[in-house]
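Report on the structure
Next come the chains, spelled out residue by residue.
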Amino acid sequence: MKVNLAHGAGGETMGELLRTLTNVKNRNAGGIGLESLDDGAVIPVGDKNVVFTTDSHVVRPIFFPGGDIGRIAICGTVNDLAVMGGRPLALSCGMIIEEGFEIIDLERIVRSMDEALTESGAHLVTGDTKVVERGALDKIAINTAGIGIAEKVVRDNGFRPGDRIIVTGTLGDHGLAVLTHREGFEFGEQIRSDVAPVWGLVELALAAGDVHAMKDPTRGGFAHAINDMARKSRTGVIIEEDALPVRRSVRSASEMLGIDPLEVANEGKIVMAVAPGDAESVLSALRTHKYGKEAAIVGKVVEGNRVIMRTRIGGERFIEPPLGDPVPRVC
Ligand code: MG
């Protein structure tokens, strides 16, 4: 059996590959380790929770509407720290570059990384560079690892029946932006990636109420994130389709391409479960932030083991975990 693209797509097929890749005996340094498959690890050091994570980026094309591989390389890692409750502190960057890559493009990527660092409050403190011969790689791959400090660690498995599910903004923007740009489709209003650091949103949410669980819905989109969180929490979820924020341009592009916007990657969003009495105050706090203006309460946690969507026309259907991202190489 050989690795195929679906193995890297964040869905159920990738889960099978992860069983091989996480078959490591030494995988937990005393806190939350590899076995949890959460957004990051937690290593207790003294009275501090050090959050640690890593992410590699191979997005094609490297420049796309709303962002580029540099911005996504910073945001991917700081967001995984943030959704663990970790304030992003320091990052490393490993770049593997194909011979022939334009230096001017590297300069542009680094500028973009620096802007995202400024926004997130983190610093790039160490790195590594390798150059491979032409043809050995498609232009560039960027790995970042990061550490953060969490006052309160938030897991992705903390759903409790009654919790309200909040998404911090519109869904599907990043995946559809990359796909439509890559394939040269025009849909009137240009779809832009939502790639952005989310720590500011996390800080507001944690100060406003009791947040029981968080995850960033990247590969596999909202459909993967909500199923993963429900399964790990051993609960069900009911989602109101009407309440899900999806831009009109994203919706029409999705319909035309036959892609479910709930199954494609977001790079600046959070799915959270909040205690029912705090949901409105967390929502109001999120909406004060420039990246949270379209935050919405989209459903609630219930007893059970399925994610059910009440549709716009009054029916019900399951939101299934996607097998793989319908759009490869989006991050
Ligand atoms: Mg994540």
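Scroll up to find the structure.
Predicted model, so just to flag it, every value in this text is computed and none were measured.

A separate point is the side chain of T168. Relative to the assigned elements, T168 resides in the loop between strand 8 (164–167) and helix 4 (173–183). When its relative accessible area of 0% is taken as the criterion, T168 is described as buried. Of the polar contacts made by the side chain of T168, one reaches the backbone nitrogen of I270; its length is 2.9 Å.

Once that is clear, we can look at the coordination of the magnesium ion. When four donors bind a metal tetrahedrally, each ideal donor-metal-donor angle is 109.5 degrees, and when six bind octahedrally, the ideal angles are 90 or 180 degrees. In this structure, D39 (OD), D80 (OD) and D216 (OD) serve as the protein donors to the magnesium ion, at separations of 2.1 Å. Written as a sequence motif, the donor residues of the magnesium ion are D-x40-D-x135-D. One end of the pair, D39, is in the loop between helix 1 (12–21) and strand 1 (41–45); the other, D80, is in helix 2 (residues 69–82), with 41 residues separating them in the sequence. Both residues of the pair, D39 and D80, belong to the buried class.

Moving on: the pairing of strand 9 (residues 211–215). Within strand 9, five of the five residues are buried, which leaves the element mostly enclosed by the surrounding structure. By the bridge criterion, four bridges tie strand 9 to strand 11 (residues 271–274) in an arrangement that is antiparallel. Paired with A213 across the strands is A273, a residue of strand 11.

Conventions and cut-offs
Residues numbered from 1 in each chain as written. Predicted model: local features only at pLDDT ≥ 70, side-chain atom pairs only at ≥ 80, totals over all residues. Heavy atoms only, no water. Helix = DSSP H or I, 4+ residues; strand = E, 2+ residues; numbered from the N terminus. Buried < 20%, exposed > 50% of the residue type's maximum accessible area, 1.4 Å probe, protein only. Polar contact = N/O pair within 3.5 Å; in protein donor to acceptor, adjacent residues only side chain to side chain. Donors = N, O, S within 2.8 Å, 3.2 Å for Na, K, Ca; no water. Pairing = 2+ DSSP bridges.

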